[in-house]
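# Coordinate inspection notes
Okay, here's what each chain looks like letter by letter:
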Amino acid sequence: MNGSAAIPILRAAKRLIFPRDRQCLVIQLQVIIGTLASFGLLGIDVRESYAAVVGALTIMVPSAYLAWSNSRTSNPLRILAQGAVKTVTTCLLMVVALVVMQVKPLGFFFSLVAVQFSYLIALAPFFKWAEGDNKVLHRRR
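Nothing here was measured: the structure is a model prediction, and the numbers come from that model. All chains use their own residue numbering, which begins from 1 and follows the written sequence. Side-chain atom pairs in this predicted model are given and counted only at pLDDT of 80 or more, local residue features only at pLDDT of at least 70, and totals for whole chains, interfaces and linings cover all residues. Excluding hydrogens and water, the side-chain figures rest on all heavy atoms present in the structure.

### A word on the confidence of the model for the chain
On a scale of 0 to 100, pLDDT captures the predictor's confidence in every residue. Overall, the predicted model of the chain reaches an average pLDDT of 80, with 73% of residues at or above 70. Helix and strand assignments come from DSSP, with helices taken as H or I runs of at least 4 residues and strands as E runs of at least 2, each series counted from the N terminus. Mean pLDDT values over the elements of the chain span from 52, in helix α7 (residues 125-140), up to 93, in helix α5 (residues 105-116).

Next up, the structure:
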């Protein structure tokens, strides 16, 4: 039981831990971090910058699909399956980038790891404080 009405625990946890706007924040942070990484590596080499773009897209595309598909369902089996699809898709995109496209590994993995930090940044306390302040303001009105 959560509050005054019984709702499925998965939906309650999803709303409390990682709400829909938090998923959008992760995608926005991934775009920002990927762009910064690619522009930063542009000073080293154009091919490294290209590899950084590919590395960022390797993470962003499956993450965006997962956020979109999770917003359309609350079925736990579907959410689990979508997470598995995200993992497999990320691995396949990594293989395509490294084997088929033969991108430079330094730029690719730097961007890949940097973009993954967007999940930690989105869960940072300063984003929660700002969100909590907005809830307090809405209650007072």
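There is more to say, and it comes next.
### Considerations on the pattern of salt bridges
When a carboxyl oxygen of Asp or Glu is within 4 Å of a side-chain nitrogen of Lys or Arg, the pair counts as a salt bridge. Tallied over the entire structure, the rule returns one salt bridge. Measuring nitrogen to oxygen at the nearest pair gives 3.2 Å for the salt bridge that ties Asp45 to Arg47. Under the scheme applied here, a residue whose accessible area is under 20% of the maximum for its type counts as buried, over 50% as exposed, and between as partly exposed, the area being computed with a 1.4 Å probe on protein chains only. For Asp45, a relative accessible area of 22% puts it in the partly exposed group. For Arg47, a relative accessible area of 52% gives the class exposed.

### Remarks on the packing of helix α4 (residues 76-100) against α5
Note on definitions: angles span 0 to 180 degrees between N-to-C directions of axes, and those axes are lines fitted to C-alpha atoms, for helices only across the stretch in contact. Viewed as axis vectors pointing N to C, α4 and α5 meet at an angle of 160°, and their least axial separation amounts to 11 Å. By the angle class used here, α4 and α5 are roughly antiparallel. Considering the relative orientation of α4 and α5, their crossing is right-handed. Contacts from Met94, Ala97 and Leu98 of α4 reach α5 at Phe108, Phe109 and Leu112. For this classification, the nonpolar set comprises Ala, Val, Leu, Ile, Met, Phe, Trp, Tyr, Cys and Pro, the charged set comprises Asp, Glu, Lys and Arg, and every other residue, Gly included, is treated as polar. Taken together, the residues of the contact of α4 with α5 break down into six nonpolar, no polar and no charged. Should an angle lie under 35 degrees it is considered roughly parallel, over 145 roughly antiparallel, and from 65 to 115 roughly perpendicular; all remaining angles are considered oblique. Helix crossings are classified by the rotation of the near helix relative to the far one: an anticlockwise turn of less than a right angle makes the crossing left-handed, while a clockwise turn makes it right-handed. When checking whether two residues touch, look at their non-hydrogen atoms; a contact exists if any pair is within 4.5 Å.

### Some details on a nonpolar patch on the surface
Nonpolar side chains (Val, Leu, Ile, Met, Phe, Trp, Tyr) within 5 Å and like charges within 9 Å form the patches, drawn only from residues with over 30% relative accessible area and no salt bridge. In these tables, accessible area is a Shrake-Rupley quantity obtained with a 1.4 Å probe, and a residue counts as shielded only by the protein chains included in the view. On the surface, a nonpolar cluster with roughly 690 Å² of combined accessible area is contributed by Tyr50, Val95, Val96, Leu98, Val99, Val100, Met101 and Phe109. Ranked by the residues each element gives to the nonpolar patch, the list is headed by α4, at five residues. Along the polypeptide, Phe109 turns up in helix α5. Judged by relative accessible area, Phe109 falls into the partly exposed class, the value being 34%.

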